[in-house]
Amino acid sequence: MPSRVWRAEQLPPEAVAAVRSQLPYLVENIVDAVRAETPAYGDVLAGPEGMAIRVGIEQAHRAFLAALERGERPAGETDELWRALGEAEFQSGRSLDELRAAFRVGTRAAWRGAADMALQAGVSAPMAIATAEAIFVYADELAADVVEGYLRMQSDEAGERERRRRRVAALLLDPDGHDPEALARAAELARWPLPRTLAAIAVAAEAPPAAVRRLDADVLAGADGEGTWLIVSDPEGPGRRAAIEHALAAERAAVGPAVAPEQAARSLRWARAALALATERAPAGEGTLIHAGDHLATLIVRQDAELARALVDRVLAPLDSLTAAERDRLRETLRAWLDLQRHTPQIAQRLHVHPQTVRYRMAKLEELLGDGLRTAEGRFALAVALRVPPALRADTRPSPRGPGL
């Protein structure tokens, strides 16, 4: 770090000697001021850890005074000493704000103490002020060294924690098996509380969205050959569904079912199946979030495209002779009829048509489908076939009939 200009020629030897002779008292005053004004350091400075800090303060002042006498800045090892102090402060768990506050208090105490000592030794006021200002400059550089050490350790810690969390995610999503002991140990090292339940989220974006940080700090995020994923803890806890939907409102994503940690790979598999459904439903360029648990019947149908097409061909074949518009209207009516338990007024309300129109369409469907509407097995088969997505249907054989219905 570049140093400010040292103006040693402005400081007479008696000013330096005066501060050096009173150095133990100066250090004690600094420590007392920090203890009084920054509660986070009260107990620290009173204990064994405080001795190392006192030694550091004294060494810094001695290096400072020696540098003034030589007309140069203190040696580089002093800088590294204070960077190490910054690293130690991070490891102790104290915040950077607390560290900076303590440093400001200590600098003011050193500034006032040095000026008072120089004046008491008979040094002129301008020279005493110059000494104090030089201390202030030096303390400012030391503060930068401390902060650099703190941030360096913080960055290293964050990188290591991220690496360990990737290890947790790899164990959770391992398709070949689950090792409870290895997972518990990895979660402990990563400081990631192993939840009772979790859910995987498949995201259409190429990288984990920054918005996920609005959810909480314990979300695991990553990507593999099949796409981007997230893992969230306790997805069914109070307010969690709303929080997930808020954080991912702008994304195209799907939430897998809540499962025990050892079944995380299954949750991701279902989330990715549901993501295909979300992609079909969302307009281009827009986000949509769906929950796999809300669409299980549809997802089951989608698992075997060949069987799905066979079912459609079998139970809805009588509609093939109609035009595409007629098929769509009758399908829509049939689905409402099944969903609303054959309650004509509600069906009419959903479809925005007159009840008589519903009765007319249902008469047409009975004519075409026959026993498929009269038995529970037939109605179940129709309900499943109607959930087969258009991309899996092969019913594009219109007839020359008029629009009708």
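Numbering of residues starts from 1 in every chain and runs along the sequence as written. Only residues with pLDDT of at least 70 get local features here, since the model is predicted, and only at 80 or more are side-chain atom pairs given and counted; chain-wide, interface and lining totals rely on the full set of residues. Working from all heavy atoms in the structure, the side-chain values ignore hydrogens and water.

Peer 1: Where do I start with the overall build of the chain in this structure?
Peer 2: Within the chain, the secondary structure is distributed over 16 helices and five strands. When the 405 residues of the chain are sorted by exposure, 45% land in the buried category. We call two residues contacting when some pair of their heavy atoms lies within 4.5 Å. For the chain, long-range pairs separated by at least 24 residues make up 73% of all intrachain contacts whose partners lie at least 6 apart in sequence. For the chain, the computed accessible surface area is about 21,300 Å², with 53% contributed by carbon and sulfur atoms. Runs of H or I in DSSP of at least four residues are treated as helices and runs of E of at least two as strands, each being numbered from the N terminus. The buried label applies to any residue whose accessible area, calculated with a 1.4 Å probe on protein chains only, is under 20% of its type's maximum; exposed applies above 50%, and partly exposed to all values in between. In this description, accessible areas are obtained by the Shrake-Rupley approach with a 1.4 Å probe, and a residue is regarded as covered only by the protein chains that are shown.

Peer 1: Whenever I open this one, the packing of helix H13 (residues 324–339) against helix H16 (residues 376–385) confuses me. Can you help?
Peer 2: A pair of packed helices can be characterised by two numbers: the angle between their axes and the separation between those axes. For helices, the fitted axis covers only the stretch in contact; all axes are lines through C-alpha atoms, and the angles between them, taken along N-to-C directions, range from 0 to 180 degrees. With their axes 10 Å apart at the nearest point, H13 and H16 run at an angle of 125 degrees to one another. When the axis of H13 is compared with that of H16, the two are oblique. Seen along the crossing, H13 lies across H16 with a hand that is left-handed. Residues Leu334, Trp337 and Leu338 of H13 lie in contact with H16, whose contacting residues are Arg379, Leu382 and Ala383. Here is the rule for angles: anything less than 35 degrees is roughly parallel, anything more than 145 is roughly antiparallel, 65 through 115 is roughly perpendicular, and the remaining ranges are oblique. Left-handed describes a crossing whose near helix is turned anticlockwise from the far helix by less than a right angle; the clockwise case is right-handed.

Peer 1: Honestly, helix H9 (residues 240–247) in this entry has me stumped. Any pointers?
Peer 2: Each α-helix turn comprises 3.6 residues. Residues three or four places apart therefore point the same way. Looking only at H9, the buried set comprises Arg240, Ile244 and Ala247. Looking down the long axis of H9, one finds its buried residues gathered within 70 degrees of arc, a one-sided arrangement. Buried residues belonging to H9 abut strand S1 (198–203), strand S3 (227–233), strand S4 (252–255) and strand S5 (288–291). Our arc is simply the arc of the directions from the helix axis toward the C-beta atoms.

Peer 1: Teacher, can you tell me more about the packing of H13 against helix H15 (residues 355–369) here?
Peer 2: The N-to-C vectors of H13 and H15 enclose an angle of 95 degrees; their axes lie 10 Å apart at closest approach. By the angle between their axes, H13 is roughly perpendicular relative to H15. Residues Arg329, Leu330, Thr333, Leu334 and Trp337 of H13 pack against Arg361, Met362, Lys364, Leu365, Leu368 and Leu369 of H15.

Peer 1: Can you walk me through the environment of Met153 in this structure?
Peer 2: Position of Met153 relative to the elements: it lies in helix H7 (residues 125–172). C-alpha separation for the pair Met153 and Glu87, spaced 66 residues apart in sequence, amounts to 5.4 Å. Setting aside its immediate chain neighbours within four residues, Met153 contacts Glu87, Phe90 and Gln91.

Peer 1: Can you help me understand the sheet that holds S5 in this one?
Peer 2: Read across the sheet, five strands follow the order S2-S3-S1-S4-S5 without closing on themselves; strand pairing throughout is mixed. Edge strands, defined here as strands with exactly one partner in the open sheet, are strand S2 (220–224) and S5. Geometrically, the sheet is characterised by an average inter-axis angle of 20 degrees between neighbouring strands, direction not taken into account. Of the pairings in the sheet, the one linking S1 to S4 comprises three bridges and is antiparallel in character. Any two strands between which DSSP finds at least two bridges are classified as paired.

Peer 1: Which parts of the structure should I look at to understand unusual backbone geometry?
Peer 2: Backbone geometry follows two general trends: most residues other than glycine have a negative phi, and most peptide bonds adopt the trans configuration. Notably, Arg342 is not glycine yet its phi reads approximately 65 degrees, a positive angle. Within the secondary structure layout, Arg342 lies in the loop between H13 and helix H14 (344–351). If you check the backbone angles, His352 has positive phi at about 60 degrees while not being a glycine. As for its position among the elements, His352 is in the loop between H14 and H15.

Peer 1: Can you help me understand the confidence of the model for the chain in this one?
Peer 2: Interpreting fine coordinate detail is not advised for predicted regions of low pLDDT. This prediction gives the chain a mean pLDDT of 80; 85% of its residues lie at or above 70. For every residue, the predictor reports its confidence as pLDDT, a number between 0 and 100. Low pLDDT, under 50, characterises residues 1–9; the stretch is placed with 20 contacts to residues that sit more than four places away or in other chains. In this model residues 396–405 is a low-confidence stretch, pLDDT under 50, and it forms 28 contacts with partners more than four residues away in sequence or in other chains.

Peer 1: Would you mind showing me how to read the nonpolar core here?
Peer 2: The nonpolar side chains of a soluble globular protein tend to be buried, and buried together. With 38 residues, the main nonpolar core has Ile30, Val34, Tyr41, Ile57, Phe64 and Trp82 as its most contacted residues. Elements represented by at least two residues in this core include exactly helix H1 (13–21), helix H2 (23–37), helix H3 (42–46), helix H4 (48–70), helix H5 (76–92), helix H6 (96–120) and H7. Per-element tally for this core: the top contributor is H6, with nine residues. Here, the term nonpolar core denotes a set of buried Ala, Val, Leu, Ile, Met, Phe, Trp, Tyr and Cys residues that are joined through side-chain atoms within 4.5 Å. Membership of the second largest hydrophobic core comes to 27 residues, among which are Val315, Leu338, Ala348 and Leu369.

Peer 1: In this structure, what is going on with the pairing of S4? I would like to understand it.
Peer 2: Strand residues, when the strand is regular, have side chains that alternate between the two faces of the sheet. Burial along S4 is two-sided: Arg252 and Ala254 facing one way and Ala253 and Val255 facing the other are all buried. Pairing geometry for S4 and S5, over four bridges, is parallel. Bridge pairing in S5 places Arg252 opposite Thr288.

Peer 1: What am I meant to see in the environment of Arg252 here?
Peer 2: Positionally, Arg252 belongs in strand S4. Among the residues examined, Arg252 registers a relative accessible area of 18% and is labelled buried. Between the C-alpha atom of Arg252 and that of Val203, which follows or precedes it by 49 residues, the distance is 6.1 Å.

Peer 1: Hey, could you run me through the pattern of salt bridges in this one?
Peer 2: Side chains that differ in charge, positive against negative, can pair when their charged atoms come close. Only one rule defines a salt bridge in this text: a Lys or Arg side-chain nitrogen within 4 Å of an Asp or Glu carboxyl oxygen. Applying the stated criterion to the full structure yields 12 salt bridges. Across the salt bridge formed by Glu226 and Arg272, the nearest N and O atoms sit 3.9 Å from each other. One end of the pair, Glu226, is in the loop between S2 and S3; the other, Arg272, is in helix H10 (residues 264–281), with 46 residues separating them in the sequence. Relative accessible area serves as the criterion here: at 17%, Arg272 is assigned to the buried category. Arg350 is paired through a salt bridge with Asp339; the nearest N and O atoms lie 3.3 Å apart. In this pair, Arg350 is assigned in helix H14 and Asp339 in helix H13, connecting sequence segments 11 residues apart. For Arg350, a relative accessible area of 41% puts it in the partly exposed group. Take Asp339: its relative accessible area is 32%, and that puts it in the partly exposed class. Shared partners join several salt bridges into a network, and the residues in it are Arg335, Asp339, Arg350 and Arg387.

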